[in-house]
Structures are given as structure tokens and as C-alpha cells.
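Single-letter residue listing:
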Amino acid sequence: MITLHGFAASNYYNLIKHVLLYKQLPFQENLIYGGSDELLAISPAGKVPVITMDDGLHISESSVICDFIEETYPSIPLYPENTGERAVVRQIMKIAELYFELPSRRFIPYVLLGTEVPESTKAEVRQVLHRGISALNRLCKFSPWVAGEQLTMADIYVYYVNTIVSTFGSSQLDWDILAEVPRMKEWNNTMSQSAIAKSIEADRQTNMPEFIQKIKAQAKAAKIK
């Protein structure tokens, strides 16, 4: 059985959890946070999520895990058969990560610790987001799914990227970022209504208070040092 390591407040953890549930794969969860020796023992960069296979193989980095799961369990496919179409799906995933999620993530420490985001940081983030918006406008179809008629890995990946963009990017910039990509908000709402997404969101809400408490404790310890 697959073991999924991480915590439910993490959007990347939830992304992998959604993939596993969509593919109807049996797995167990192991609650673990960043910065622990236990995590470093299975994740070279000390990041969640990580999956562990029955043979002891540990795999980290979300996009790598997605590809591994697809290649190992192809019976419920999340990539198109055509290699060119598969490449487009991966391209959408990478652009969403680099130019949507990662810049928005820069706001997380400020928000969790209740400090003001510098205007220079906001300007830098806005510039990168504009680049992401432009790229996604060119690539995404939403007809009805991100890459076309078939629900693919890009739908799951972008949906959980958008949780960070909406929660932190939009709130800190007073900007409805998802509305800048035509039909993205409607598609995002459709994704949120699935039974899998609702179950994962419930788990996220349950874990969030513990996660925030842990972040604050780490920040306090860092100040003492």
C-alpha cells in the first residue's frame, strides 16, 4: 500500500491525495510537518508531500509523484494518449506552478505571522502573475476541462495551485486573479463540487489550526535563537 506523507493544510499534499483518490488507489496517510529529521530521512529537500511504496521507495516533488503514479497505475488515466497532448498538459502544470502558485506563496509567511507585506514584494509578485495569466490564457481551453474534453492531471494540479492563488495572492493584492483567465473561475467552482474535493477540503479545514499553531511556534523559537 502507498503511504502519503505530509499534512492536510498543504495544497501539494492535497493534490497528490486527490490523484490517489481519483485513481481509486489504496493508501494510508502519515501526518508529518516540514523541518523534522523524520521528513529529511525520506525527502531529500525536506519537503512534503512524499509517497512511500511497499518496497521502501520514497518519492518527493509533486510533479514527479504525479508522473510516477500515472506510469505505475495507468488504468484510470490522467494524461492523454497522444504524446503532444501529454506535453501540453505538463506545460500547463509547470506554468501554473512557476507563475501562479510560487509567486503567490511569497505572501504566506507574512499572512500567517500577521505582518505587512512590503510594497516591493507585492510589485514583484504582481509582475510574475501577469506573466502566468498571459501564458494560461494561451494554453487553457476549459472546454469543459483545462486541456479540452478530458479531465487530466492539469485539472487537479491547477485546482490546488489556485487554492494558494485565491487565498493569498488575491487577498494581498486586492485582485481577482482567477477572473483574469476566461472561464477559469467557473471551472474552478466545478472542480470544488466533486466529492473528492469536498472531502479533502474538510480535512484541510480540520488540520489548519494545528498547522498555524506550529508555524507560530517555529517563528517564536527562531526569534529566541
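Attention in this report is confined to the structure presented alongside it. (Residues numbered from 1 in each chain as written. Predicted model: local features only at pLDDT ≥ 70, side-chain atom pairs only at ≥ 80, totals over all residues. Heavy atoms only, no water.)

1. What about the nonpolar core?
Thought 1: Membership of the largest hydrophobic core comes to 69 residues, with the highest contact counts inside it found for L15, I16, I51, F100 and M184.
Thought 2: A per-element tally of this core places helix α7 (residues 153-173) first, with twelve residues.
Thought 3: With sequence-adjacent residues up to four places away left out, L15 is seen in contact with C66, I156, Y157 and Y160. (Core = buried A, V, L, I, M, F, W, Y, C linked by side-chain atoms within 4.5 Å. Buried < 20%, exposed > 50% of the residue type's maximum accessible area, 1.4 Å probe, protein only. Helix = DSSP H or I, 4+ residues; strand = E, 2+ residues; numbered from the N terminus. Contact = heavy atoms within 4.5 Å.)

2. Some words on the packing of α7 against helix α8 (residues 184-192)
Any two packed helices are characterised by the angle at which their axes cross and by the distance between the axes.
Thought 1: At a closest axis distance of 10 Å, the pairing of α7 and α8 adopts a crossing angle of 100°. It follows from the interaxial angle that α7 and α8 lie roughly perpendicular. Between α7 and α8, the contacting residues are D155, I156, V158, Y159 and N162 on the first element and M184, W187, N188, M191 and S192 on the second. (Axes fitted to C-alpha atoms, helices over the stretch in contact; angles between N-to-C directions. Parallel < 35°, antiparallel > 145°, perpendicular 65-115°, else oblique.)

3. Considering the pairing of strand β1 (residues 2-6)
Thought 1: With five of five residues buried, β1 lies mostly within the body of the structure.
Thought 2: One ladder, built from five bridges, connects β1 with strand β2 (residues 27-31); its direction is parallel. Bridge pairing in β2 places T3 opposite Q28.
Thought 3: Handedness of the crossover joining β1 and β2 through helix α1 (residues 11-22): right-handed. (Pairing = 2+ DSSP bridges. Right-handed = clockwise from strand over helix to strand, strands pointing away.)

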